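Chain by chain, the residues:
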Amino acid sequence: MTETSPEILPVEDAPLAPPAAEAAEGYQVRLDVFEGPLDLLLFLIRKKKIDIHDIPIAAITRDYLGYLDRKTEINLDREAEFVFIAALLIYIKSQMLLPRETDLAEHEDPRRVLVDRLLEYSRVKAACSLLREREDVQILQWKRDFIPPLHGESELEPVELSLFDLAESFFLMMKRREADDTRIIRGRDVSTEVKMKELVTLLHERSVIDFLEYFESHASLEEALVSFFCILELVKSRVAVAVQDELFKTIRVWLRKDARRTAAHD
Amino acid sequence: MTDDLKALVESLIFVSQEPVSLERLQAVLEGVPAADIQAAVDELVAGYGAGERGIHIIRAGGGWIFSTKPGHDREVRRLLQIERKNRLSSAGLETLAVIAYRQPVTQSEISAVRGVDSTGSLKTLLDKKLIKIVGRKKAPGNPLVYRTSEEFLLYLGLDSLEGLPSETEIAKILEEEKAVEA
């Protein structure tokens, strides 16, 4: 940032104030107190009492870059987000400097994109302050669900399996199958979508399925593979739970309670 | 309405760990008119709301649920030996707010509104079960689609999504902020 800004900023209509000048004004804000670049921009706009619909892009860009310069340690991902908005600001300024034959209509204002985003974001922030008030009251009220149930229906305290455990079981099973059945199987087209639906229906009906048994019932390797990926997907997207009671035992799969409820509602 | 019904409804709400809706109560209390059940609930709510009780019945997530009153938080925590309940981080709350208002919504849509990558916050919210994945969007990359969960309503004490702060309330906050600056 520090190296590039002098090259870009000569397009600005005012000389670039050194970042230190702002520190001298008597406030010092660290970049990491802002939720992101939009938060920082809103802060700057408010501080300067600027009308959000008529932002002096040059001045705000200068302030904004001043803050970036002051960064001490922020991680690269975050920095990229801040730099992205800096680039947007400079792009907007460049658009505004382009000579035009006729005056721009309001909806053609190059600042429009930014203003819309800022307004949207400020609404989110306002909603957050209201939601925070609710949270603060609710958090003090204890419900009975806090006390863990003695006998949960199914989701006791089982060890949830990682996808790798599932994969291992699967390959174990495929090996077993390979050993006792070496016929060449003609592929039937199985789509993940169809299989996924089939699997969810089955889970609904039976509530619990036996992982190995389920795969053994498949006619072709392809179909078994497809179902395997479906299960992985369901577990990954937290729709289903896979549980192994003991090492080397079979793995049981069921729908998460909330997923079952949602599905029942649909 | 009889006192029996009131007592019955009370125990049903008490045993349930999630909000009990009028429909659920009706299904259990076969043949009892909804108006009677509603009247029983209303009386219970009013009774518990009175000063001398430590617990009350709140309306959240489309039903009724018992909870302790806010003023007893410190002692309850002492009993349960819990330091404090953590509020959501600002990033988490922001992400949650975007999902609540924009749902169903994808990660990139959320990040676009916030101007910040939201992957980490999404994971936290999923772990807390405040949001859920409802499927994939038919768009390049088939991104996951998020919605708020039932727990979300309970967490913020909202009866339904309709109870989220309205445009007017939000506009009022923004006006107030402006007024402070001026």
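Residues numbered from 1 in each chain as written. Chains lettered and ligands numbered in written order. Predicted model: local features only at pLDDT ≥ 70, side-chain atom pairs only at ≥ 80, totals over all residues.

Focus: the sheet that holds strand β1 (residues 208-210) of chain A
Residue and element names in this part refer to chain A.
So, point 1. With antiparallel pairing, the three strands of this open sheet are ordered in space as β1-β3-β2. Each edge of the open sheet is held by one strand with a lone partner, namely β1 and β2 (240-244). On average, each strand axis in the sheet is tilted by 25 degrees relative to the strand beside it, whichever way the strands run.
So, point 2. Of the strand pairs in this sheet, β2 and strand β3 (residues 251-255) are connected by five bridges, and their pairing is antiparallel. Counterpart to Gln244 in the pairing with β3 is Ile251. (Pairing = 2+ DSSP bridges. Helix = DSSP H or I, 4+ residues; strand = E, 2+ residues; numbered from the N terminus. Axes fitted to C-alpha atoms, helices over the stretch in contact; angles between N-to-C directions.)

A look at the confidence of the model for chain B
Residues and elements named next belong to chain B.
So, point 1. For chain B, per-residue confidence averages 91 on the pLDDT scale, and 98% of positions sit at 70 or higher.
So, point 2. Here helix α9 (residues 167-181) stands out as the least confident element of chain B, with mean pLDDT 85; strand β3 (residues 105-106) is the most confident, with 96.
So, point 3. Scored as a whole, the predicted complex attains pTM 0.64, and scored at its interfaces, ipTM 0.89. (pLDDT = per-residue confidence, 0-100.)

What to know about the interface of chain B and chain A
So, point 1. Each partner contributes residues to the interface: chain B has 40 residues there, and chain A has 35 residues.
So, point 2. Elements supplying a minimum of two residues to the side of chain B that touches chain A: β2 (63-68), α4 (73-80), α5 (90-102), α6 (107-114), β4 (131-136), α8 (150-156) and α9 of chain B.
So, point 3. In terms of residue count, the dominant contributor to the side of chain B that touches chain A is α5 of chain B (seven residues).
So, point 4. Broken down by class, the residue content of the side of chain B that touches chain A amounts to 21 nonpolar, seven polar and twelve charged. (Contact = placed C-beta atoms within 7 Å. Nonpolar A, V, L, I, M, F, W, Y, C, P; charged D, E, K, R; others polar.)

Concerning helix α7 (residues 119-127) of chain B
Residue and element names in this part refer to chain B.
So, point 1. Along α7, the residues classified as buried are Ser121, Leu122 and Leu125. End-on, the buried residues of α7 take up no more than an arc of 100 degrees, which puts them together on one face. Facing away from the buried side of α7, by more than 90 degrees, are the exposed residues Thr119, Lys123 and Asp127.
So, point 2. Contacts from the buried residues of α7 go to α5, α6, β4 and β5 (144-148).
So, point 3. Among the residues trailing α7, Lys129 stands out with phi positive, at a value near 60 degrees. (Buried ≥ 20, exposed ≤ 12 C-beta atoms within 10 Å, placed from the backbone. Arc of directions from axis to C-beta.)

Brief notes about the environment of Arg24 of chain B
So, point 1. Assignment of secondary structure puts Arg24 of chain B in helix α2 (residues 22-28).
So, point 2. Along the chain, Arg24 of chain B and Leu12 of chain B lie twelve residues apart, while their C-alpha atoms are 9.7 Å from each other.

Focus: the packing of helix α8 (residues 192-206) of chain A against helix α10 (residues 221-236) of chain A
All names here are of chain A.
So, point 1. Interaxial distance between α8 and α10 falls to 9 Å at its minimum, and their mutual angle equals 65 degrees. Relative to α10, α8 is oriented roughly perpendicular. Taken as a pair, α8 and α10 cross one another with a handedness that is right-handed. Along the contact surface, α8 presents Thr192, Lys195, Met196 and Leu199, while α10 presents Val226, Ser227, Phe229, Cys230 and Ile231.
So, point 2. Residue composition of the contact of α8 with α10, grouped by class: six nonpolar, two polar and one charged. (Parallel < 35°, antiparallel > 145°, perpendicular 65-115°, else oblique. Left-handed = near helix turned anticlockwise from the far one by under 90°.)

Focus on helix α4 (residues 57-69) of chain A
So, point 1. Given a rise of 1.5 Å per residue, 13 residues ought to cover 18 Å, and the 18 Å separating the end C-alpha atoms of α4 of chain A matches this to within 8%.
So, point 2. Those residues of α4 of chain A lying buried are Ile57, Ile60, Thr61, Arg62, Asp63, Tyr64, Leu65, Tyr67 and Leu68 of chain A. (Expected span 1.5 Å × (residues − 1).)

Some remarks on unusual backbone geometry
With glycine set apart, most residues show a phi of negative sign, and most peptide bonds adopt trans.
So, point 1. The residue after Gln103 of chain B, namely Pro104 of chain B, is reached through a cis peptide bond having omega -5 degrees.
So, point 2. If you trace the backbone, Pro104 of chain B turns up in the loop between α5 and β3.
So, point 3. You will see that Lys49 of chain A, though not glycine, has its phi angle at about 50 degrees, which is positive.
So, point 4. By the element assignment, Lys49 of chain A lies in the loop between α3 (37-47) and α4.
So, point 5. With 9 C-beta atoms packed within 10 Å, Lys49 of chain A lands in the exposed category.
So, point 6. Phi at Lys129 of chain B takes a positive value of approximately 60 degrees, unusual for a residue other than glycine.
So, point 7. Judged by C-beta crowding, with 15 C-beta atoms within 10 Å, Lys129 of chain B ranks as partly exposed.

Here's the deal with the nonpolar core
So, point 1. In this structure, Tyr64, Ala86 and Leu89 of chain A together with Leu96, Ala97 and Ile99 of chain B are the most contacted members of the largest nonpolar core, which totals 59 residues.
So, point 2. Top contributing element to this core by residue count: helix α6 (residues 112-138) of chain A, with seven residues.
So, point 3. In this structure, Leu203, Tyr214, Cys230 and Val241 of chain A belong to the second largest nonpolar core, which totals 20 residues. (Core = buried A, V, L, I, M, F, W, Y, C linked by C-beta atoms within 7 Å.)

Overview of the sheet that holds β3 of chain B
Residues and elements named next belong to chain B.
So, point 1. Strand order in the open sheet formed by three strands is β3-β5-β4, with antiparallel pairing between adjacent strands. The sheet terminates laterally at β3 and β4, the two strands that pair on one side only.
So, point 2. Alignment of β4 against β5, held across five bridges, turns out to be antiparallel. Its bridge partner lying in β5, Ile133 is registered against Tyr146.

Remarks on the packing of α5 of chain B against α7 of chain B
Residues and elements named next belong to chain B.
So, point 1. Close contact between α5 and α7 brings their axes to 9 Å; oriented N to C, the two are set at 80 degrees. One element, α5, and the other, α7, form an angle in the roughly perpendicular class. Between α5 and α7, the residues in contact are Ala91, Gly92, Thr95 and Leu96 and Ser121, Leu122, Thr124 and Leu125, respectively.

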